[in-house]
Amino acid sequence: MRRLEQMYDKLLLGVGVILLAVLWVHIPAAPSRDVHHYAVYTSPSAETASTSKWTYLRPDKTLSPREVIHIQLKALQQNDKSDSGIITVFNFSSPANRVRLGPLNHFRMMVRDPAYSTILNFKSYKPGKMVIADNSAYQMVVIKGQDGQQAAYLFILTKQKRGPYKDCWMTEGVACMQPEPQSYYL
């Protein structure tokens, strides 16, 4: 009986070692930075390549500020029930901006705020001139919502200096540019 138990233990040990070897070969020790989870663009003016989920799009050093804004706008325009467009915009938020925004669920509620309601599933947009100064980029975008209303938003991007997103353009904020209230002087 004792001999049978020893043989059973050796058999289990051998199977365990084989499974570990198989897993070791198939699973890398660390994630590869060469694997990209975003659509490839031929030029900034090209239409966004369709993907099944926008959530695969993430910051990358090869993306220009113009492309980063274009990706975010297309993602918001095509947002779905799972909020994959909103998640993409959150993915492109800088680490400092994420601290201000809070967790993803809080960000989802912020995007649905009346000040930003035009930007979600909008009809069309017209980008203004992009201004790039050192490691900052600014672009005004006029969006035409589903209801035909227009709203202007200022995208503010910075090129990250350190961390996992070093040299990536990421969003520091999107400001809704409300028109000044008119006052009449008699």
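Source: prediction; values computed, not measured.

Topic: the overall build of the protein chain
Stage number 1. Per the secondary structure count, the protein chain includes 5 helices and 4 strands.
Stage number 2. In the protein chain, the succession of helices and strands from N to C terminus is α-α-α-α-α-β-β-β-β.
Stage number 3. Taking contacts inside the protein chain between residues at least 6 apart in sequence as the whole, the part at least 24 apart equals 47%.
Stage number 4. When the accessible area of the protein chain is evaluated, it comes to approximately 12700 Å², of which 60% is carbon and sulfur surface.

Notes on the confidence of the model for the protein chain
Low pLDDT means the predicted coordinates in that region are not meant to be read closely.
Stage number 1. With 77% of its residues at a pLDDT of 70 or more, the protein chain has an overall mean of 80.
Stage number 2. Of all the helices and strands in the protein chain, helix 1 (residues 2-26) carries the lowest mean pLDDT, 79, while strand 2 (residues 136-144) carries the highest, 95.
Stage number 3. Every residue in residues 29-52 scores below 50 in pLDDT, and together they form 30 contacts with partners more than four places removed in sequence or on other chains.

Focus: the packing of aromatic side chains
Stage number 1. Enumeration according to the criterion identifies 3 aromatic pairs in this entry.
Stage number 2. Geometrically, the ring pair formed by F90 and F107 is tilted, given 5.5 Å between the ring centres and 45° between the ring planes. Residue F90 is located in helix 3 (residues 84-91), and its partner F107 is located in helix 5 (residues 104-111); the two are separated by 17 residues in the primary sequence.
Stage number 3. Residue class for F90 comes out buried when judged on its relative accessible area of 12%.
Stage number 4. The exposure class assigned to F107 is buried, which follows from its relative accessible area of 7%.

Regarding the sheet that holds strand 1 (residues 124-133)
Stage number 1. Sheet architecture is open: 4 strands sit in the order 1-2-3-4, paired in antiparallel fashion. Both edges of this open sheet fall to strand 1 and strand 4 (169-177), since each of them pairs with a single strand only. Averaged over all adjacent pairs, the angle separating strand axes in this sheet is 20°, with direction ignored.
Stage number 2. With 8 bridges connecting them, strand 1 and strand 2 associate as antiparallel partners. Note on strand 2: the bridge partner recorded for I132 is A137.
Stage number 3. Relative to strand 1, helix 2 (residues 65-77) is tilted by about 155°, and along the sheet it contacts strand 1, strand 2, strand 3 (150-159) and strand 4.

A few points about the packing of helix 2 against helix 3
Stage number 1. With their axes 7 Å apart at the nearest point, helix 2 and helix 3 run at an angle of 155° to one another. Classified by the angle their axes make, helix 2 and helix 3 are roughly antiparallel. Helix 3 is crossed by helix 2, and the crossing has left-handed handedness. Facing helix 2, whose interface residues are I71, Q72, A75 and L76, helix 3 presents G85, I86, T88 and V89.
Stage number 2. Per-class residue counts for the contact of helix 2 with helix 3 are 5 nonpolar, 3 polar and no charged.

Conventions and cut-offs
Residues numbered from 1 in each chain as written. Predicted model: local features only at pLDDT ≥ 70, side-chain atom pairs only at ≥ 80, totals over all residues. Heavy atoms only, no water. Helix = DSSP H or I, 4+ residues; strand = E, 2+ residues; numbered from the N terminus. Contact = heavy atoms within 4.5 Å. Areas by Shrake-Rupley, 256 points an atom, 1.4 Å probe, with all protein chains shown as cover. pLDDT = per-residue confidence, 0-100. Phe/Tyr/Trp six-rings, centres within 6.5 Å; stacked < 30°, edge-to-face > 60°. Buried < 20%, exposed > 50% of the residue type's maximum accessible area, 1.4 Å probe, protein only. Pairing = 2+ DSSP bridges. Axes fitted to C-alpha atoms, helices over the stretch in contact; angles between N-to-C directions. Parallel < 35°, antiparallel > 145°, perpendicular 65-115°, else oblique. Left-handed = near helix turned anticlockwise from the far one by under 90°. Nonpolar A, V, L, I, M, F, W, Y, C, P; charged D, E, K, R; others polar.

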